[in-house]
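Each chain, written out:
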Amino acid sequence: MARHGLHRRPRPAGPRRKALLLGVLGVTVATGLLVTTVPLLAADDLAVRASADTTATAVPQDGDNSAKSTLATCPARCDGNPRGAREAVLAFTVGDLPANAVNVRATLRVYAWQQFAATVTAHASSLDARAERPTPVPAGARLDSVAGVAQGFNEWDVSGLVRGNGSWTVALAQAGLDTRIYWASSEHRDPDLRPRLLLSYDLGTRPSSTLTSPASPASPSAAPTTTAGRPTASPTRSTPSPTPSAPSNRCGQVSEKLVPSCGAWWGMYTPASAAAGWDHGRAVAEVEAHVGRTFDIVHRYHDFSNTGSNGAFPDAYEQRQLREGRLLFFAWESRIFSAGAVLTWRDVYSGRYDATIDAVAGRIRAADVPVFLGFDHEPEDEPVKGSDADFVRAWRHVHDRFAAAGADNAVWVWTMMGWSGHHHRYAGLYPGDRYVDWVAYDPYNFHVCNGSTVWKSPSTMVGSFYRWLDEHGIGAGKPRMLAEFGTNFDAADPAAKRRWFEEFPAALKAHPKIKAAIYFNSAGMTTRSSSCDMTMNHDAAALAGFTRAGQDAYLRQPTGGTR
C-alpha cells in the first residue's frame, strides 16, 4: 500500500488466526477404513460496510439520528435527561462468504474520537437501522463488551450473532457514563472511519484420498558479490534471456513476459537517503550485502516529470543494475513528486502528457531487455485522479503509445491493494487481458501499526486476494506478483518476525501462481515506534529471518547473474 513508495493509511485488520496444517492423512484402524482429515485452508478477512445505521432514542429531536456523520450512545439518564437513552444501531448484509466457509469469526469495528471511562456492550437487535429515530427496544442477546472506550477504533466480537451470509443488526448500549459518546457513522466523509464488520473464516474442502507432492524447487546458485557507489562502466549484461513461449517444467527458463519456469523471483524496494546522496544503487547494494545475495528484482517509484532520477528513467543506477543482471520494476505514478502535484487520469488520456509518455517509452525500448512496468499502482486509493473508467482509459492510452513506439519489452503489471473493501471495484479497474501481463497486489501484516492486534501469518496475508482472484477470474491464467509486502514485529514475542520470514517461502509454495515477491523495506506512512517497524532489517533477528527466506531454493533462480 504505497503512494510513490509511501504506505497508505493501513486498512482495518481482523482477528488473529493461526496457520493450519493442510492435507493431513489419517488412518482409522478400528473400522478398517482409510480416512483423510478434511483440510482447512486459512482465509483472510472480509470487510463489510454497514448497509444502514441510526441512533435509537426516545428523544424526539436531538440531531443524533438524522442522516449525518455520527452515531450516539448514552444510558437512560443522559446529560440530565432521565429518558435520554441512545443506542447506536448498525445493520450489515453479508453475502460474500464461500459456501464452504467454516469457523466464521465476526468483529464489529466502530470509531470514537475520544477516550471515555464507559462500558459499551454490543447486543443483537431487532430494530430497523434504516429508520429515523426508532424507539429503543429491550436488548437482544449480549454479544461482547468494551470496558473503557478507546480513541480510535473499538472492537466487539459479534461471532455469536453473525454465523454466515444474511442480514445482521447490532445495537451498542452504553453504561457507566451519563453523557453522550459519538461514533463515526456510515455517512462519515472519511470512508476509513466508517463502521466495518470484519469477517474471518476457514475453508473446508472435500476429503481426498490422494496426497500430491509439491513441485521440485529451483536449485540454489552460488552466493553473490555486491557492489556499491555511483554507476560506472559494467560487465557484459547477464540478464536471463527470455524464451519465446511459456516457461517449461525445466527450472532456469524464463518466458518473454519474465515468468520463471519454477520458483519465484525475490525482489526489494528500499529507499535512498539524502545522507547517502540519493544513491539508489548503493541503497540496494547495502541490503544485498547484509542478506548475502543479489535481488532478482529491484523496484523503484517514478513520476511524470521526465527529469532527474524521479522521472527520466531508467536512470544511471538502474542501467547499471540491468547490466549486472537484475530485473527492474518501474512503478510509474501520475504525479510530480518534487512539486507534490497530482495528475488526473483525464490529463493522461487527453494527450497532455504524450511527450513524456513517448520519451519514457523510448528509453524503455533502448534498454533492450524486458522490464516490469506498472502505471499508477493501487488506483482504488486515488479518488482525486478520476473514476475507475478513467483509470482504465489512461492505462490503455499509455500502453498503446508504448506499443506504437515499439517498446514491446515493457511487461505490464497491474497492481491493486487487494483489500476486500474494494473487491466490488476490481472488475471495473481491470484494463483487459490484452493490456496486462501480470496481476499484482500489496498485502501487509501491519499488526499494531494500524491500531489492531491482528497478527497475520504469511499464508493468511497472501491467501485472501489470491483466492478472490481465483473465484472471480480476473487476470485468469496470468502470473501473479506481490508488488509490495511487509510485516511488523510483535513486541510481546521478539522472535515472531524472524519466524514470519522463515515461514514465507512455504506460503509462496502453497500459492504457486505467485511468481515474484518484492519486499517494501520502508516505514512508508506508518510511524516507527516501540511497537511498529515494517523494515526487514530493524533488528538482527528479523534480518536473520529475511536472509534465511532469501536462501530458500524456491527463491534462488538458476538464471545467471550472481544470485
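Values in this document were obtained by computation on a predicted structure and should not be read as measured data.

A. Structural context of the packing of aromatic side chains. This model, assessed by the stated rule, comprises 40 aromatic pairs. Seen from their ring centres, Phe372 and Trp438 are 5.2 Å apart, and the 85° between their planes marks the pair as edge-to-face. Here Trp438 lies in strand 23 (residues 438-441) and Phe372 lies in strand 21 (residues 371-375), a separation of 66 residues in the sequence. Of the two residues, Phe372 and Trp438, neither departs from the other in class, the shared state being buried. The interplanar angle of 15° and the centroid separation of 6.1 Å between the aromatic rings of Phe375 and Phe391 together place this pair among those described as stacked. On the criterion of sequence distance, the pair formed by Phe375 in strand 21 and Phe391 in helix 6 (residues 388-404) is long-range, its members being 16 residues apart. Residue classification places Phe375 among the buried positions, given a relative accessible area of 2%. Residue Phe391 is classed as buried on the basis of its relative accessible area, which comes to 0%. One aromatic cluster is present, built from ring pairs that chain together Phe304, Phe313, Phe330, Trp332, Trp345, Tyr353, Phe375, Phe391, Trp395, Phe402 and Trp412. Over the ring of Phe153 we find Arg109; its NZ or CZ atom is 4.4 Å from the centre of that ring.

B. Focus on the pairing of strand 17 (residues 297-302). Burial analysis of strand 17 places 6 of its 6 residues in the buried class, the great majority of the element. Along strand 17, one buried face is formed by Ile297, His299 and Tyr301 and the opposite face, lined by Val298, Arg300 and His302, is buried too. Across 2 bridges, the pairing between strand 16 (residues 265-269) and strand 17 is parallel. When the sheet's bridge partners are listed, Gly267 is paired in strand 17 with Ile297. Each parallel crossover has a hand, and the one from strand 16 via helix 1 (residues 280-291) to strand 17 is right-handed. Across 6 bridges, the pairing between strand 17 and strand 18 (residues 327-332) is parallel. Note that in strand 18 the partner of Ile297 across the bridge is Leu327.

C. View of the state of the cysteines. Within the structure shown, the criterion is met by 2 disulfides. Two residues, Cys74 and Cys78, share a disulfide whose sulfurs are 2.0 Å apart. What sets the handedness of the Cys74 and Cys78 disulfide is the S-S torsion sign, and at about 95° it is right-handed. Between the sulfur atoms of Cys449 and its disulfide mate Cys532 the distance is 1.9 Å. As the torsion about the S-S bond is roughly 110°, the Cys449-Cys532 disulfide counts as right-handed. Of this pair, Cys449 sits in the loop between strand 24 (444-445) and helix 8 (458-472) while Cys532 sits in the loop between strand 26 (514-520) and helix 10 (540-551); the two residues are 83 residues apart in sequence, bridging distant segments of the chain.

D. Quick look at the side chain of Thr356. Turning to its location among the elements, Thr356 is positioned in helix 5 (residues 354-367). On the basis of relative accessible area, Thr356 is assigned to the buried category, the value being 11%. Beyond its immediate sequence surroundings of up to four residues, Thr356 is in contact with Phe304, Asn306 and Trp332.

E. Structural context of the pattern of salt bridges. Applying the stated criterion across every chain yields a total of 25 salt bridges. Notably, a salt bridge pairs Arg401 with Asp358, separated by 2.8 Å at the nearest N-O pair. Of this pair, Arg401 sits in helix 6 while Asp358 sits in helix 5, and the two are 43 residues apart along the sequence. Given a relative accessible area of 27%, Arg401 falls into the partly exposed group. With a relative accessible area of 31%, Asp358 lands in the partly exposed category. Here Lys513 and Asp470 are joined by a salt bridge, their closest N and O atoms 2.7 Å apart.

F. Structural view of the pairing of strand 26. Counting buried residues along strand 26, 7 of its 7 residues qualify, which places the element largely inside the surrounding structure. Pairing of strand 16 with strand 26 involves 5 bridges; the strand directions are parallel. In the strand pairing of strand 26, Trp265 is matched with Ala516. Bridge count between strand 25 (residues 480-487) and strand 26: 4 bridges; the pairing is parallel. Paired with Arg480 across the strands is Ile514, a residue of strand 26. Since strand 25 and strand 26 lie parallel, the crossover through helix 9 (residues 496-509) that links them has a hand, and here it is right-handed.

G. Geometry of helix 6. In this model, helix 6 (17 residues) spans 25 Å end to end at C-alpha, consistent with the 24 Å of a helix rising 1.5 Å per residue. Listed in full, the buried residues belonging to helix 6 are Asp388, Asp390, Phe391, Val392, Ala394, Trp395, His397, Val398, His399 and Phe402. Considering only its buried residues, helix 6 is in contact with strand 18, helix 4 (345-349), helix 5, strand 21, strand 22 (410-416) and helix 7 (426-429).

H. Layout of unusual backbone geometry. Residue Pro314 is reached from Phe313 by a cis peptide bond, and omega for that bond is 0°. Mapped onto the elements, Pro314 comes out in the loop between helix 2 (308-311) and helix 3 (316-323). Even without glycine at this site, Asp368 takes up a positive phi of about 65°. In this structure, Asp376 takes a positive phi of about 45° despite not being glycine.

What counts, and at which threshold
- Residues numbered from 1 in each chain as written.
- Predicted model: local features only at pLDDT ≥ 70, side-chain atom pairs only at ≥ 80, totals over all residues.
- Heavy atoms only, no water.
- Phe/Tyr/Trp six-rings, centres within 6.5 Å; stacked < 30°, edge-to-face > 60°.
- Helix = DSSP H or I, 4+ residues; strand = E, 2+ residues; numbered from the N terminus.
- Buried < 20%, exposed > 50% of the residue type's maximum accessible area, 1.4 Å probe, protein only.
- Lys NZ or Arg CZ within 6 Å of the ring centre and 35° of its normal.
- Pairing = 2+ DSSP bridges.
- Right-handed = clockwise from strand over helix to strand, strands pointing away.
- Disulfide = S-S within 2.5 Å.
- Contact = heavy atoms within 4.5 Å.
- Salt bridge = Lys/Arg side-chain N within 4 Å of Asp/Glu carboxyl O.
- Expected span 1.5 Å × (residues − 1).

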